[in-house]
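# Observations on the three-dimensional arrangement
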Amino acid sequence: MAPLARQIKSLRKLGIVMEVLEVRGDAGFKYLKLWPKFHALASDVDLIHAHFGYCGWLARLQAKKPLVISFMGSDLLGALRRDGSIKPLSKVVARMNRLFARTVDSVIVKSQEMADMVKPVHAHVVPNGVDVDDFRPMDPLKAKAALGWDVGKRYILFPGNPRNPRKAFPLAEATTAIASEQLGEALELVVLDRVDAKQVPLYMNACEAMIMASYIEGSPNVVKEALACNLPTVSVPVGDVAELLADVDGCKVCPRDADALGTQLAEFLRSGQRCAGRAALKRKKLDLESVSLRIKTIYEDVLEQRR
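Computed from a predicted model, the values in this text were never measured in an experiment. (Residues numbered from 1 in each chain as written. Predicted model: local features only at pLDDT ≥ 70, side-chain atom pairs only at ≥ 80, totals over all residues. Heavy atoms only, no water.)

Our next topic: the side chain of Thr233. In this structure, Thr233 sits in strand β8 (residues 233-235). Thr233 gets classed as buried once you look at its relative accessible area, which sits at 1%. (Helix = DSSP H or I, 4+ residues; strand = E, 2+ residues; numbered from the N terminus. Buried < 20%, exposed > 50% of the residue type's maximum accessible area, 1.4 Å probe, protein only.)

Read across the open sheet, the four strands follow the order β1-β2-β3-β4; overall the sheet is parallel. Two strands bound the open sheet, and with one partner strand each, they are β1 (48-51) and β4 (123-125). Each neighbouring strand pair of the sheet contributes to a mean axis angle of 25°, computed without reference to strand direction. (Pairing = 2+ DSSP bridges. Axes fitted to C-alpha atoms, helices over the stretch in contact; angles between N-to-C directions.)

Attention now goes to the environment of Gln305. Along the chain, the position of Gln305 falls in helix α15 (residues 288-306). Overall, the relative accessible area of 60% leaves Gln305 in the exposed class. Separated by 200 residues in sequence, Gln305 and Asp105 place their C-alpha atoms 8.8 Å apart.

The next point concerns the pairing of strand β2 (residues 67-70). Every other side chain in a regular strand lies on the same face of the sheet, so the side chains alternate between the two faces. Here β2 shows a buried face lined by Leu67 and Ile69 and a second buried face lined by Val68 and Ser70. Bridge analysis of β1 against β2 gives four bridges, and the strand direction is parallel. Its bridge partner lying in β2, Ala50 is registered against Ile69. As a crossover connection, the stretch from β1 through helix α4 (residues 53-60) into β2 is right-handed. Both β2 and strand β3 (residues 106-109) contribute to a ladder of three bridges, which runs parallel. The residue of β3 that forms the bridge with Val68 is Ser106. (Right-handed = clockwise from strand over helix to strand, strands pointing away.)

Moving on to the nonpolar core. It is characteristic of soluble globular proteins that their nonpolar side chains tend to be buried jointly. Counting 57 residues, the largest nonpolar core has Trp149, Ile156, Leu157, Met204, Ile211, Val223 and Leu265 as its most contacted members. Ranked by residue count, the leading element in this core is helix α13 (residues 258-271), at six residues. Among all residues touching Ile211, those that are not within four sequence positions of it are Ile156, Leu157, Phe158, Pro159, Ala172, Thr175, Thr176, Leu189, Val234 and Leu265. Of all hydrophobic cores here, the second largest spans 25 residues; its members include Leu58, Phe71, Ala101 and Val107. (Core = buried A, V, L, I, M, F, W, Y, C linked by side-chain atoms within 4.5 Å. Contact = heavy atoms within 4.5 Å.)

Attention now goes to the packing of aromatic side chains. Applying the stated criterion to the full structure yields seven aromatic pairs. The interplanar angle of 40° and the centroid separation of 5.7 Å between the aromatic rings of Trp35 and Phe38 together place this pair among those described as tilted. Highlighted residues: Trp35 and Phe38, both in helix α3 (residues 35-42), separated by three residues, approximately one helical turn. On the accessibility criterion, Trp35 (27% relative accessible area) is partly exposed. (Phe/Tyr/Trp six-rings, centres within 6.5 Å; stacked < 30°, edge-to-face > 60°.)

The next subject is the pattern of salt bridges. Enumeration according to the criterion identifies twelve salt bridges in this entry. In this structure, Arg307 engages Glu304 in a salt bridge whose closest nitrogen and oxygen atoms are separated by 3.0 Å. What you see here is one network of salt bridges that share partners, running through Arg6, Asp134 and Glu225. (Salt bridge = Lys/Arg side-chain N within 4 Å of Asp/Glu carboxyl O.)

All right, on to the sheet that holds strand β9 (residues 251-253) then. Taken together, five strands build an open sheet; the order of strands is β6-β5-β7-β8-β9 and the sheet is parallel. Every other strand in the sheet has two partners, leaving β6 (188-192) and β9 as the edge strands with one partner each. Between one strand axis and the next, the sheet turns by 20° as a mean value, whatever way the strands run. Where strand β5 (residues 155-159) meets β6, five bridges bridge the pair, whose relative direction is parallel. In the strand pairing of β6, Pro159 is matched with Leu192. Relative to strand β7 (residues 209-212), helix α11 (residues 221-228) is tilted by about 160°, and along the sheet it contacts β5, β6, β7, β8 and β9.

Encoded structure:
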């Protein structure tokens, strides 16, 4: 949840006073267990901003307060089983969230695909912003040395939990193997999982490229962070990645096919060039400050409508 923590920090910089209630614990009744604490905090605020569908359901119990809901991805798109199909219960929850969207004051989603799923409700498409001070280009050799990696080896980044079927780790493995064969060298696939948030920029600068293979995404923060670090990226068409990578030299969206992805990855590695992502990110106003100003405007509009 590091991107959300950065978003909260950036909104506070704009002068918005925020109380944060973090949901932790095992699935099940963890949301209802927080009701007393939530009710105490919510009674003194002007507006509630819930992140994720279940949090919105909890917030709806505070019926008098204006409510903004940010759907995060699986709450509208569904959660996957290992075979790539959507879990039956997840389908039901996603339908319920589409209906729930009609009961709130404003809806925020991460991609146009998600916005289409809540129609006829109007949704603001607001991807999470990137802290361009933390995520910035660094010397790749120094980044590798800082991580204790072999400076003579080339590394490929896989962003996600390899045990999560939604992330499609086997496709990333196959892609890396094909690129290795075409280049005649052993590339190492590095998993970005359970890594301290402060080290993520080092990983991105120490790697030569990134593979995005997921079956389902909203607006993956890691792709925007890679752009801020000028990390070349090959991706399948998922979420809003095609829009994020459009017209970015050194980044490419390919069919969900290991041969196509591997060939493109090998091409990027032969050039040895970083991508032009940072300039594109700022041009598309996906830096943290620009996104925070958009969210602040949504808050102001909701409060004005209520008045």
